[in-house]
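Here is what each chain is made of, one letter per residue.
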Amino acid sequence: MCAHVTLTTLSSQRFTRGLLVACLLALLSACATTRPGIALPPMPGWDERQAVLGGMAEWSFKGRIAVKAGDEGFNGKFNWEQNRDDFYATVGGPLGIGTVRIEGDRGKIRLTDKDGVETEMLDPEAELYFRYGWTIPVTSLRFWALGIPDPGAPAKTEFDDDGLLTRLEQFGWVVTVSRYRDNSGQLMPRTLTATNPETRVRMVIDRWLFFER
């Protein structure tokens, strides 16, 4: 009887510890998910806008994406998290693709498909097109989504009367920002479209978050 009580007690203690650990992890996850963002500083002109947004080390957005390439394409959710030069993006849609994860870490870009198979991509745009029949501008999207050009190459740019970017041409893509909305204290892209001869990508960004370094 004593042995039975001891084993039962130990089992109960292990279960309690396990439950506490699980609750703690869930709490930490919830805290990370609800991490508050910061307000962006003033950006009175185009040069200041490029400097501020291009210098933000950590930010994220959540939104929706529609991709069309010939007879292929989909509509789905699109989330992006940027941490300095690393990023983590998820693209979710129908047509059997499930949720695709694209990660950039230390200069390497990896794709994880719906089955959990991970592939390192040397040419992300070409490899996405080869695999799915559509692509997104993975390399430069971290800048274009912010409404600024990729600083890695020259770009043709057009602006509205308020000095906000409305159109740019870069790396064979044409990007148009058709709508801005107040977010984090400044006007940020709400709707943008990127097109090249094979693909049209339309994004609607529902929420921006910027964080302290």
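Caption draft 1: Representation of helix α2 (residues 46-55) in the model. Regarding α2, the residues found buried are W46, R49, V52 and L53. Each buried residue of α2 lies within a common arc of 130° when the element is viewed along its axis, so the set occupies one face. Turned more than 90 degrees away from the buried face of α2, the exposed residues are D47 and A51.

Caption draft 2: Representation of unusual backbone geometry. Phi at R84 takes a positive value of approximately 55°, unusual for a residue other than glycine. Inspection of the secondary structure puts R84 in the loop between β2 (72-83) and β3 (86-93). Even without being glycine, F171 reaches a positive phi, approximately 55°.

Caption draft 3: Geometry of the packing of aromatic side chains. Here the structure, examined in full by the defined rule, presents 11 aromatic pairs. Between the aromatic rings of W46 and F159, the centroid separation amounts to 4.7 Å while the plane-to-plane angle is 65°, which identifies the pairing as edge-to-face. With a gap of 113 residues between them, W46 in helix α2 and F159 in strand β7 (residues 156-159) connect regions that are remote in the sequence. Judged by centre distance (6.1 Å) and plane angle (80°), the ring pair of F78 and W80 falls under edge-to-face. A relative accessible area of 0% places F78 in the buried class. Ring-pair connections join several aromatic residues into one group, and the members of that group are W59, F61, F78, W80, F87, W208 and F210.

Caption draft 4: Representation of the nonpolar core in the model. Among the nonpolar cores identified, the biggest contains 48 residues, and F78, I102, I136 and M203 are the most heavily contacted of them. Leave out the neighbours within four places in its chain, and F78 touches F61, K62, G63, R64, I65, A89, T90, V91, I136, L141 and M203.

Caption draft 5: Representation of the sheet that holds strand β8 (residues 165-170) in the model. Within the open sheet, the 11 strands sit side by side as β6-β5-β4-β3-β2-β1-β11-β10-β9-β8-β7. Their pairing is antiparallel. Two strands in the sheet have a free side with no partner beyond their single neighbour: β6 (118-121) and β7. Taken pair by pair, the neighbouring strands of this sheet meet at an average axis angle of 20°, ignoring direction. Sitting on the sheet, α2 is in contact with β7, β8, β9 (173-183), β10 (186-195) and β11 (200-210), with an inclination near 85° to β10. Packing against the sheet, helix α3 (residues 124-132) makes contact with β1 (58-69), β2, β4 (98-105), β5 (108-112), β6 and β9, and its axis sits at approximately 135° to β6.

Rules and cut-offs
Per chain, the residues get numbers from 1 upward, laid out in the order the sequence is written. Restriction of local features to residues with pLDDT of at least 70 applies here, the model being predicted, together with a cutoff of 80 or more for giving and counting side-chain atom pairs; totals for whole chains, interfaces and linings are based on all residues. No hydrogens and no water enter the side-chain calculation; it runs on all heavy atoms of the structure. Relative accessible area decides the class of each residue, using a 1.4 Å probe on protein chains only: under 20% of the type maximum gives buried, over 50% gives exposed, and in between gives partly exposed. Secondary structure counts use DSSP, requiring at least four H or I residues in a row for a helix and at least two E residues in a row for a strand, with both numbered from the N terminus. Think of it as the arc spanned by the lines of direction from the helix axis to the C-beta atoms. Aromatic rings from Phe, Tyr and Trp, taking only the six-membered ring of Trp, are treated as a pair when their centres fall within 6.5 Å; an angle between ring planes under 30 degrees marks them as stacked, one over 60 as edge-to-face, and anything in between as tilted. Nonpolar core, defined: a set of buried Ala, Val, Leu, Ile, Met, Phe, Trp, Tyr and Cys residues in which side-chain atoms within 4.5 Å join the residues together. Any two residues whose heavy atoms approach within 4.5 Å are treated as being in contact. Should DSSP find at least two bridges between two strands, the strands are regarded as paired. Here, axes are lines fitted to C-alpha atoms. For helices the fit covers the stretch in contact, and angles between N-to-C directions go from 0 to 180 degrees.

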